[in-house]
Protein chains: 6
Amino acid sequence: MDKQFSHIDHRGSANMVDVTEKHISQRLAQAEAFIYMSAETLTMIEQGNHHKGDVFAVARIAGIQAAKKTPELIPLCHPLMLTKIAVDFELQPQLGRVRITSLCKLAGQTGVEMEALTAASVAALTLFDMCKAVDPTMTISGLRVLEKQGGKTGHWQHPEGA
Amino acid sequence: MDKQFSHIDHRGSANMVDVTEKHISQRLAQAEAFIYMSAETLTMIEQGNHHKGDVFAVARIAGIQAAKKTPELIPLCHPLMLTKIAVDFELQPQLGRVRITSLCKLAGQTGVEMEALTAASVAALTLFDMCKAVDPTMTISGLRVLEKQGGKTGHWQHPEGA
Amino acid sequence: MDKQFSHIDHRGSANMVDVTEKHISQRLAQAEAFIYMSAETLTMIEQGNHHKGDVFAVARIAGIQAAKKTPELIPLCHPLMLTKIAVDFELQPQLGRVRITSLCKLAGQTGVEMEALTAASVAALTLFDMCKAVDPTMTISGLRVLEKQGGKTGHWQHPEGA
Amino acid sequence: MDKQFSHIDHRGSANMVDVTEKHISQRLAQAEAFIYMSAETLTMIEQGNHHKGDVFAVARIAGIQAAKKTPELIPLCHPLMLTKIAVDFELQPQLGRVRITSLCKLAGQTGVEMEALTAASVAALTLFDMCKAVDPTMTISGLRVLEKQGGKTGHWQHPEGA
Amino acid sequence: MDKQFSHIDHRGSANMVDVTEKHISQRLAQAEAFIYMSAETLTMIEQGNHHKGDVFAVARIAGIQAAKKTPELIPLCHPLMLTKIAVDFELQPQLGRVRITSLCKLAGQTGVEMEALTAASVAALTLFDMCKAVDPTMTISGLRVLEKQGGKTGHWQHPEGA
Amino acid sequence: MDKQFSHIDHRGSANMVDVTEKHISQRLAQAEAFIYMSAETLTMIEQGNHHKGDVFAVARIAGIQAAKKTPELIPLCHPLMLTKIAVDFELQPQLGRVRITSLCKLAGQTGVEMEALTAASVAALTLFDMCKAVDPTMTISGLRVLEKQGGKTGHWQHPEGA
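Computed from a prediction, not measured in an experiment: that's the story for all the values here.

(A) Region of interest: helix α2 (residues 55–68) of chain D. Its 14 residues place the ends of α2(D) 21 Å apart at the C-alpha level, agreeing with the 20 Å of an ideal helix rising 1.5 Å per residue. A large share of α2(D) lies buried, amounting to 14 of its 14 residues.

Shown next as structure tokens:
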């Protein structure tokens, strides 16, 4: 087995990857997550949304702010300067869920998939917070990276598709 | 329908619940999440773990620190002073996953389920970060509240059990 | 002159007031600020607002989050646990401005007027940020405390009224 | 009307401007604010200042630190690496006020006027905090951008002058 | 050996002590540190200090702000609400050093010695930062807890005295 | 005397150095600190370490996270994007202490010695926190910069050696 955890050194200690010499390239990552909830809760979000409801606005801001905080939250992530963060929501009532998607961009030395995952994750948690009085049984699932561009790997897509 | 989103007021605006007059009681919440990964990745974590590997140590600290940051991350959460935060991990190779559990405690005016969810979520994201060089297709799923104690609701368990 | 700056000691050094022995009481503060802008910009906000625009939603969340950050921003403020934060907006096109109001509550040992001022201030700055591509000449003015309740001073209102 | 809010997309949702492709240029912004207070309070600051008083020192540090926190405070601001932050104060007793000025510099992809405004704003709030025991009726006014350099706009000055 | 690390559980994992049931008492801790520097550097600080120099003012604010950040910095520390933080400096030119002392107070469930140590430590680092252009060989030493009051231990003094 | 504090201007006010025009070069700094403790405490760390103990893992993460927070902690430090942070520990029981070393790297406009010192300092404080129930008399000493590379100064080593 020649694959290795980049974040653990040969002694088993936590290791921040050294990116000093890495090439600066344009990078992009997209992630998604789902929050499963009752039909009733979905309906309440949908109705609120037709009437200037802030539910998605609050969760969007929370996701954007969380992406900026990624190096504070994930110990071995490098500090970096995102040039674009987007978080979006799609009500999928027939599937009993809201789909959360996120996009992060950067011209830098490391990938931004952790930032995209953190944005989607905190946006989902914020939806949970806003809806929990109605439905405490919600579940957040399917958080994964959909696509990455830039860096040594080039264009990568999740093998199971978007 | 007489249920209401506590975090949205009658005009559809974001609303932080007023807990000034709420009774102080001992509160507790437990949450769980799963990170699904390849058999190879699970084996690498397991082996590292037998040799003083820091994988779980790093993710545990990340989860504990994230719980303290919950009011910074989730806009309508109240600042509060957790008296106990615990994050734990169980390798479940037969199910192709690691189980992450979290516990938060507090003597205060609001529940701590968002803190427990945030701890589990960021611990899972940290595992993702440490293993992503080996397996970028991982998925984080099943993040939910298992149990709550304290406050007006008293003892609550997720209807689908722990 | 027997009045003294509470935050400067007899040597002229910065001084955090010792509140260890202070009584815990329910406290409340309200603040206001105005952002003056062109008629065109006000119209754009107003129209956006009729169509689920996020302008006020984003500024509200920014103000709420800033109130929680007050002890990080204002060096001699005590850390405290706000039980309620509200930020609101009123378009006053005839006066060429938006009025921003904020409210903070707490059961604690120190007043919360700095938290209310910080919330109004950062909400106003966020409006500035969102509108600056259209109107870079905006001015934020009239930031002051309207009212305080609780603590030794009891009920206080700004002599010039709300 | 072809002007548009850069921070709101066509659906009315909050939008962080994508600066990935933007040219890196040297940028600078200057802002000012005023805090109006009683003659008595101004005299106390002035006297303290003659005796190594920390009043302006504390407010200067608060303003500098706040400029660095701008992307945490203003949701749609990009993280960036300021190369210079300065905050200064001028007692203007004949006008019943203190003038606060700020300067931010950067070689980067976005302007730094929000950083300069945030520095001046938090420096003013810190003065408020330090003087409020003597004078709770103070007002912060006239917060605006004086000048910007760099980027597509080039040199911009507030039409009403410095 | 029956003493145990409170922050490591029986499996060797990091453990945040559960203080939920602990009695609230008034607590206080004092700490000290020294920064050793060249005679020339000490003279420059001393002279600046006679002329409204901000050296100690900046380091004092940094120390106070750092005490509030202790639970963000030290992973297993509990969030808490300090009621008093003080940082002070004494030039000891005959010993080639500056003495930094700190004091933290709280009515709460856990001791505040980590907060006092963090305040002294960051105040010393800030002095280092301000003087390093003149003297990069400085050393920070002798950081320790001098005294604690409150909690189960009661009054404790370092056996080697203040 | 023609040397000057770079962080204090000619009026004695705090001054953030303007690095806008500074050349970007690869920079590196190494620092060390020691924590002195009883033989018993050292033995407990050593034994824990043989059994997957998290003591050093927790302190390493705390040090890495603190390096990223340096511009938040040290008021006149510039925000910057470290490309590598490492923290390491060596038990030196014969000297009654643990040695903590840190390394920071960056391609940027300012040196990273404050980041290396902050990492070593907070790692030492975290060890203190974890061991204080057993030994509250510990002392942290000898915090200094060992070596710097890059920038105008080039390669610099502490005159007293590593």
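(B) View of the packing of aromatic side chains. Counted by the stated rule, this structure contains 12 aromatic pairs over all chains. Judged by centre distance (6.5 Å) and plane angle (45 degrees), the rings of Phe34(C) and Tyr36(C) are tilted. Taking relative accessible area as the criterion, Phe34(C) reaches 8% and is therefore assigned buried. When the centroid spacing of 4.8 Å and the interplanar angle of 10 degrees are considered together, the rings of Phe56(E) and Phe89(E) count as stacked. Of the two residues, Phe56(E) is situated in helix α2 (residues 55–68) and Phe89(E) in strand β2 (residues 84–92); the sequence distance between them amounts to 33 residues. The exposure classification of Phe56(E) matches that of Phe89(E), with both residues buried. It is Lys148(C) that lies over the ring of Trp156(C); its NZ or CZ is 5.8 Å from the centre. Positioned above the aromatic ring of Phe34(E) is the side chain of Arg97(E), whose terminal nitrogen or guanidinium carbon lies 3.8 Å from the ring centre.

(C) Molecular detail of the UniProt feature "active site" (unreviewed entry) in chain A. UniProt tags Asp129(A) as "active site" (unreviewed entry). Its location among the elements puts Asp129(A) in helix α4 (residues 113–131). For Asp129(A), a relative accessible area of 2% puts it in the buried group. Ignoring anything within four residues of it in the chain, the contact list for Asp129(A) reads His7(B), Ile74(B), Leu76(B), Cys77(B) and Met114(B).

(D) Looking closely at the interface of chain A and chain B. Taken together, the contacts link 58 residues of chain A with 58 residues of chain B. Here chain A packs against chain B, burying approximately 4,900 Å² in sum over the two surfaces, 69% of which is carbon and sulfur. For the pair chain A and chain B, the number of links is 2 salt bridges. Residues Lys69(A) and Glu72(B) are paired through a salt bridge, measuring 2.6 Å at the closest nitrogen-oxygen approach. In this structure, the connection of chain A to chain B is made through 15 residue pairs in polar contact (both at pLDDT 80 or more). Among the elements of the structure, α1 (39–50), α2 (55–68), α3 (70–73), α4 and β4 (139–149) of chain A are those that each provide at least two residues to the side of chain A that touches chain B.

(E) Quick look at the relation of the copies chain A and chain B. Overlaying chain A on chain B yields an RMSD of 0.0 Å, the required transformation being a rotation through 180 degrees with an accompanying axial translation of 0.0 Å. The superposition operator between the copies reduces to a two-fold rotation axis. Relative to the rotation axis, the C-alpha of Ser141(A) is the closest in chain A, positioned 1.9 Å from it. A share of 100% of the interface residues of chain A reappears at the interface of chain B, consistent with the copies meeting face to face through the same patch.

(F) Local environment of empty space enclosed by the protein. Taken as a whole and judged by the stated rule, the model has 6 cavities of 30 Å³ or more. Estimates place the volume of the largest cavity at around 860 Å³. Lining the largest cavity are 47 residues; nearest its centre among them are Glu72(B), Glu72(C), Lys68(E), Pro71(E) and Glu72(E). When the residues that make up the lining of the largest cavity are grouped by side-chain class, the tally is 30 nonpolar, 4 polar and 13 charged. Each pocket or cavity is described by its volume, and for the second largest cavity that value is around 630 Å³. Taken together, 27 residues make up the lining of the second largest cavity; nearest its centre are Lys68(A), Pro79(A), Lys68(D), Lys68(F) and Pro79(F). Elements with a minimum of two residues in the lining of the second largest cavity: α2 and α3 of chain A, α2 and α3 (70–73) of chain D together with α2 (55–68) and α3 (70–73) of chain F. Split into classes, the residues belonging to the lining of the second largest cavity amount to 16 nonpolar, 1 polar and 10 charged.

Thresholds, definitions, all that
- Residues numbered from 1 in each chain as written.
- Chains lettered and ligands numbered in written order.
- Predicted model: local features only at pLDDT ≥ 70, side-chain atom pairs only at ≥ 80, totals over all residues.
- Heavy atoms only, no water.
- Helix = DSSP H or I, 4+ residues; strand = E, 2+ residues; numbered from the N terminus.
- Expected span 1.5 Å × (residues − 1).
- Buried < 20%, exposed > 50% of the residue type's maximum accessible area, 1.4 Å probe, protein only.
- Phe/Tyr/Trp six-rings, centres within 6.5 Å; stacked < 30°, edge-to-face > 60°.
- Lys NZ or Arg CZ within 6 Å of the ring centre and 35° of its normal.
- UniProt positions renumbered as here; feature names shortened; annotations may be inferred.
- Contact = heavy atoms within 4.5 Å.
- Buried area = accessible area lost by both parts, 1.4 Å probe.
- Salt bridge = Lys/Arg side-chain N within 4 Å of Asp/Glu carboxyl O.
- Polar contact = N/O pair within 3.5 Å; in protein donor to acceptor, adjacent residues only side chain to side chain.
- Least-squares fit on C-alpha atoms with pLDDT ≥ 70 in both.
- 1 Å grid on protein atoms, 1.4 Å probe; cavity = no way out; pocket = protein on both sides within 12 Å on 5 of 7 lines; lining within 4 Å.
- Points joined across faces, edges and corners; volume = space filled by probe spheres on them.
- Nonpolar A, V, L, I, M, F, W, Y, C, P; charged D, E, K, R; others polar.

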